[in-house]
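Survey of secondary and tertiary structure
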Amino acid sequence: MGCINGKPFLTEEDIEFIARNTAMDRDNVESQYQNFLTQHPDGRISRKSFHDMMKDCYPGTDTEKLEKHIFRMYDKNNDGHIDFREFMIVLYIMSSGTPEENLKQIFRVFDINNDGSISLKELKRIVKDLFHLINEENADQASQDVLATTAFSEMDENNDGLITQEEFIEACMRQKKFSTMLTLRIIDIFVAE
């Protein structure tokens, strides 16, 4: 992504990267970029814009707690904005990627501090925020803790107190009950009507 005279533009490298990593051809990439600029004239999605998009997707729901986790999945370079390249890659992976590619993106939601692993504390935080999003009235703190602790035990294969990306993907691909349940909750966010 570049900028000339204060106006964002898509570099040749960005066009090639997006075309190579999605099923879109160059013309489609450029067309999608123009659509993106219509909504985000500075070429980036701010936290505020992302918040507004989440509110539109989930009217009447308090999305604030979970949206920062979802935002982190998109904001790969951690600059506080989602540029077109970041947006398109995640969008493509979540809609057309392999199960492993999807799980790598979802792992970023659970890895709150971006250190490459998920701690039990991080998993409990995500479970709490997920239940808040879906307005699960019957889910008390004890049942949330049981879900997080059980899912953590399923995923932490080597019992070192951390879940690596590989352990996370393997647990979900082997359809371990609680790991899969949590992952499907995140996927539901992307296929909400």
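Sequence order as written defines residue numbering, which begins from 1 separately in each chain. Local features in a predicted model are, by the rule used here, given only for residues with pLDDT of at least 70; side-chain atom pairs are given and counted only at 80 or more, and totals for whole chains, interfaces and linings are based on all residues. Neither water nor hydrogens contribute to the side-chain values; these are computed over all heavy atoms in the structure.

**What about the confidence of the model for the protein chain?**
Operational definition: Scored from 0 to 100, pLDDT reflects the predictor's confidence in each residue. Starting at the N terminus, helices and strands are each numbered in turn, a helix being any DSSP run of H or I of at least four residues and a strand any DSSP run of E of at least two.
Per-residue confidence for the protein chain gives a mean pLDDT of 83; residues scoring 70 or more make up 87%. For the protein chain, the element scoring lowest by mean pLDDT is strand β1 (residues 2-4), at 50; strand β6 (residues 163-164) scores highest, at 97.

**Description of the pattern of salt bridges**
Opposite charge on two side chains allows them to pair when their charged atoms are near. How we decide: What counts as a salt bridge is simple: a side-chain nitrogen of Lys or Arg found within 4 Å of a carboxyl oxygen of Asp or Glu. Three labels apply to residues, based on accessible area from a 1.4 Å probe with only protein chains included: buried if under 20% of the type maximum, exposed if over 50%, partly exposed otherwise in between.
Evaluated as defined, the whole model comprises nine salt bridges. The partner of R85 in a salt bridge is D14, and the shortest N-O contact between them spans 2.8 Å. With R85 in helix α5 (residues 84-96) and D14 in helix α1 (residues 12-21), the pair connects residues that are 71 residues apart, well separated along the chain. For R85, a relative accessible area of 22% corresponds to the partly exposed category. With its nearest N and O atoms 2.9 Å apart, the salt bridge here joins R174 to E170. One salt-bridge network, in which partners are shared between bridges, spans E157, E170, R174 and K176.

**Looking at the packing of aromatic side chains**
Basically, it comes down to this: The criterion for an aromatic pair is that two Phe, Tyr or Trp rings (for Trp, the six-membered ring) have centres within 6.5 Å, with stacked assigned to planes under 30 degrees apart, edge-to-face to planes over 60 apart and tilted to the rest.
All told, the structure shown has eight aromatic pairs when counted by the stated rule. Considering the side-chain rings of F107 and F168, the 5.6 Å spacing of their centres and the 65° angle between planes classify their relative orientation as edge-to-face. With F107 in helix α6 (residues 99-110) and F168 in helix α9 (residues 165-173), this residue pair connects regions lying 61 residues apart in the sequence. One aromatic cluster in this structure is built from Y33, F36, F50, F71, Y74, F84 and F87.

**A word on the nonpolar core**
Rules: What is meant by a nonpolar core is a set of buried Ala, Val, Leu, Ile, Met, Phe, Trp, Tyr and Cys residues, joined one to another through side-chain atoms within 4.5 Å. Working rule for contacts: check all heavy atoms of both residues, and any pair within 4.5 Å makes them a contact.
F50, Y74, F84, F110, L123, F168 and L182 are the most contacted members of the largest nonpolar core, which totals 46 residues. Residues in contact with L182, not counting those within four places in the same chain, are F110, L123, V127, L130, L147 and A151.

**Side note on the side chain of Q105**
The residue Q105 is located in helix α6 in this model. Excluding residues within four positions of it along the chain, Q105 makes contact with M73, V90, I93 and M94.

**Notes on the side chain of K176**
Note the cut-off: N or O atoms closer than or at 3.5 Å make up a polar contact, with two conditions inside protein: a donor-capable atom paired with an acceptor-capable one, and, for residues adjacent in sequence, both atoms drawn from side chains.
With respect to the element layout, K176 can be found in the loop between α9 and α10 (177-190). Polar side-chain contacts of K176 include one of 2.5 Å to the side chain of E157.

**What to know about helix α2 (residues 26-39)**
Owing to its 3.6 residues per turn, the α-helix brings residues three or four apart onto one side. Selection rule: Expected span of a helix, by definition, is 1.5 Å for each gap between consecutive residues, and there is one gap fewer than residues.
Its 14 residues give α2 an end-to-end C-alpha distance of 20 Å, which sits within 8% of 20 Å, the value for a rise of 1.5 Å per residue. One side-chain oxygen at the N-terminal end of α2 lies 3.2 Å from the backbone nitrogen of D27; it belongs to D25.

**Things to note about the packing of α2 against α5**
The line we're drawing: Orientation is described by axes fitted as lines to C-alpha atoms, over the contacting stretch for helices, and by angles from 0 to 180 degrees between their N-to-C directions. Under this scheme an angle from 65 to 115 degrees is roughly perpendicular, one under 35 degrees roughly parallel, and one over 145 degrees roughly antiparallel; angles in between are oblique. Here is the rule for handedness: rotate from the far helix to the near one, and if that takes an anticlockwise turn smaller than a right angle the crossing is left-handed, while a clockwise turn gives right-handed. Polar here means any residue other than Ala, Val, Leu, Ile, Met, Phe, Trp, Tyr, Cys and Pro, which are nonpolar, and Asp, Glu, Lys and Arg, which are charged; Gly is therefore polar.
Across the interface, α2 lies against α5 with an axial gap of 11 Å and an inter-helix angle of 115°. Taken as axis vectors, α2 and α5 run roughly perpendicular relative to one another. In this structure, the crossing between α2 and α5 has a hand that is right-handed. Of the residues in α5, those touching α2 at V29, Q32, Y33 and F36 are F84, F87 and M88. Residues that form the contact of α2 with α5 fall into these classes: six nonpolar, one polar and no charged.

**Let's talk about the environment of K68**
In this fold, K68 is placed in helix α4 (residues 64-74). Separated by 18 residues in sequence, K68 and F50 have C-alpha atoms that sit 9.1 Å apart.

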